[in-house]
Amino acid sequence: MPDDISVPLAQAFTATLNRLRGAMREPLAALPVSLGPPDIGLLQFLLNSPGATPQCLARHQGRDKAQLTRKIKTLEAQGLIRRESDPHDGRKVRLFLSEQGQAMAHAAEQVRRAAFAELLQGLDRSEQAQLLGLLQKCQQPPE
């Protein structure tokens, strides 16, 4: 029996993420603007960090700049994001949520909270804390 659990672990991660995305798909589709699960994090970041640069957003999201630029243009066309020139360096762009973007960020966050609540309902508080600790440990760089 092999000691390597990377395959079943990868399958469990994938299945869990698919379940989470599935739980969010229908409620997100009901919103007045088309959003996907990754868009929630993007909107939340701009809600909490107004004036962030696209580069800062790309680092936070772990997405490449070209992919993020396309997403920003889409969200801008939907009226959720606006760009402003940096007052200190006109070459830089700062991103802000519009009023509609703020409302969508709050609505999308409610969808995400409900999806996580559904996902975690089989775990008691102690197990949820343990899962959080393990996931945080996985995020640490190797020593």
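If you're wondering where the values come from, they're calculated on a predicted model, not measured in any experiment.

## Some words on helix H2 (residues 37–48)
A rise of 1.5 Å per residue sets the reference length of H2, with its twelve residues, at 16 Å; its end C-alpha atoms lie 18 Å apart and thus fit the reference within 8%. Three or more residues of H2 are buried, namely Asp39, Ile40, Gly41, Leu42, Leu43, Gln44, Phe45 and Leu46. On its buried face, H2 is in contact with helix H1 (6–29), helix H3 (54–61), helix H4 (65–77), strand S1 (81–85), strand S2 (93–97) and helix H5 (99–120).

## Let's talk about the pattern of salt bridges
Any two side chains of opposite charge can pair, on the condition that their charged atoms come close. In the structure shown here, the tally under the stated rule is seven salt bridges. With a closest N to O distance of 2.9 Å, Glu84 and Arg82 form a salt bridge. Judged by its relative accessible area of 32%, Glu84 falls in the partly exposed class. Across the pair Arg94 and Asp86 runs a salt bridge whose closest N-O atoms are separated by 2.7 Å. On the basis of relative accessible area, Arg94 is assigned to the partly exposed category, the value being 24%.

## Some thoughts on the nonpolar core
With 27 residues, the main nonpolar core has Leu35, Leu46 and Leu57 as its most contacted residues. When contributions to this core are tallied by element, the ones reaching two or more residues are H1, H2, H3, H4, S2 and H5. Excluding its chain neighbours within four sequence positions, the residues that come into contact with Leu46 are Ala52, Leu57, Ile81, Leu95 and Leu97.

Cut-offs used in this document
Residues numbered from 1 in each chain as written. Predicted model: local features only at pLDDT ≥ 70, side-chain atom pairs only at ≥ 80, totals over all residues. Heavy atoms only, no water. Helix = DSSP H or I, 4+ residues; strand = E, 2+ residues; numbered from the N terminus. Expected span 1.5 Å × (residues − 1). Buried < 20%, exposed > 50% of the residue type's maximum accessible area, 1.4 Å probe, protein only. Contact = heavy atoms within 4.5 Å. Salt bridge = Lys/Arg side-chain N within 4 Å of Asp/Glu carboxyl O. Core = buried A, V, L, I, M, F, W, Y, C linked by side-chain atoms within 4.5 Å.

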